[in-house]
Amino acid sequence: MSGAGAVCGGGSHSPEPGSPLPGCPRSPEPGSLLQRLFRSEAERMELQRNLLEYRRSDACLMKLKYVKLKNYLKEVHKRQEGARLRNQTLLEEFDQFEARMKASSLEMTQKMEVTFYKT
């Protein structure tokens, strides 16, 4: 089957030129397409204007500040944790050093006593 009738309506007769095919949706008029295009463009512009207003609004600015501060807080927390671990390691090393110094001091004292009391 060939022709427009075979595509949509399945009928065997050919429609008159300019009339819609039976069973096919009618194609929109060029004027209605332009109207829909203008409405869509007007709606797009309105949405764009609303977006710009929101970006300038206090709510948006406060949200941006909140996100920046939250990220900064995470960074500070990470640095603080690193500093805490470093300080803990330094304290452990100092405690070990102090214990060695006390032990060597005790040894020196004992050696000096032995030397002092011998003479």
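Positions within a chain are numbered from 1, following the residues in the order the chain's sequence is written. Totals for whole chains, interfaces and linings use every residue, but because this is a predicted model, local features are given only for residues with pLDDT of at least 70 and side-chain atom pairs only at 80 or more, for both listing and counting. Only hydrogens and water are set aside when side-chain values are computed; all heavy atoms of the structure are taken into account.

**Examining the overall build of the protein**
If you tally the helices and strands in the protein, you get three helices and zero strands. Here a helix means four or more residues in a row that DSSP labels H or I, a strand means two or more in a row labelled E, and each is numbered from the N terminus. For the protein, the α and β elements follow one another from N to C terminus as α-α-α. By residue count, 3% of the 119 residues in the protein fall in the buried class. A total accessible area of about 11300 Å² is found for the protein, and carbon and sulfur atoms account for 61% of it. Each residue gets one of three labels from its accessible area relative to the maximum for its type: buried under 20%, exposed over 50%, partly exposed in between, using a 1.4 Å probe on protein chains only. Accessible surface area values rest on a Shrake-Rupley calculation with a 1.4 Å probe, where residue burial reflects the displayed protein chains alone.

**Quick word on the pattern of salt bridges**
Note on definitions: salt bridges are taken to be side-chain nitrogens of Lys or Arg within 4 Å of carboxyl oxygens of Asp or Glu. For the coordinates displayed, the defined rule picks out four salt bridges. Between Glu 46 and Arg 49 there is a salt bridge whose closest N-O contact spans 2.8 Å. Within this pair, Glu 46 and its partner Arg 49 are both found in helix H2 (residues 30-56), separated by three residues, close to a single helical turn. For the salt bridge of Glu 81 with Arg 84, the shortest nitrogen-to-oxygen distance reads 2.6 Å.

**Overview of the packing of aromatic side chains**
Planes of paired rings set the category: under 30 degrees apart is stacked, over 60 is edge-to-face and the rest tilted, where pairs are Phe, Tyr or Trp rings (Trp by its six-membered ring) whose centres lie within 6.5 Å. According to the stated counting rule, one finds one aromatic pair in the structure shown. When the ring of Phe 116 is compared with that of Tyr 117, the centres are 5.5 Å apart and the planes differ by 70 degrees; the resulting orientation is edge-to-face. Across this residue pair, the class does not change: Phe 116 and Tyr 117 are exposed.

**Here we look at the confidence of the model for the protein**
The predictor attaches a confidence to each residue, called pLDDT, with possible values from 0 through 100. Residues at a pLDDT of 70 or more form 75% of the protein, whose mean pLDDT is 81. Mean pLDDT across the elements of the protein bottoms out in helix H1 (residues 4-7) (46) and peaks in helix H3 (residues 58-118) (91).

**A closer look at a negative patch on the surface**
Residues Glu 92, Glu 93, Asp 95 and Glu 98 make up a contiguous surface patch of negative charge. Within the secondary structure, Glu 93 is located in helix H3. On the basis of relative accessibility, which here comes to 46%, the residue Glu 93 falls in the partly exposed class. Candidates for patches are residues over 30% relative accessible area with no salt bridge; among them, like charges are joined within 9 Å and nonpolar side chains (Val, Leu, Ile, Met, Phe, Trp, Tyr) within 5 Å. Asp and Glu are treated as the negative residues and Lys and Arg as the positive ones, with His and the ends of the chain left uncounted. A charge is said to be at NZ when it belongs to Lys, at CZ for Arg, at CG for Asp and at CD for Glu.

**Some thoughts on a nonpolar patch on the surface**
Taken together, the side chains of Leu 34, Leu 37 and Phe 38 make up a nonpolar region of the molecular surface, amounting to roughly 330 Å² of accessible area. Tracing the backbone through its elements, the reader meets Phe 38 in helix H2.

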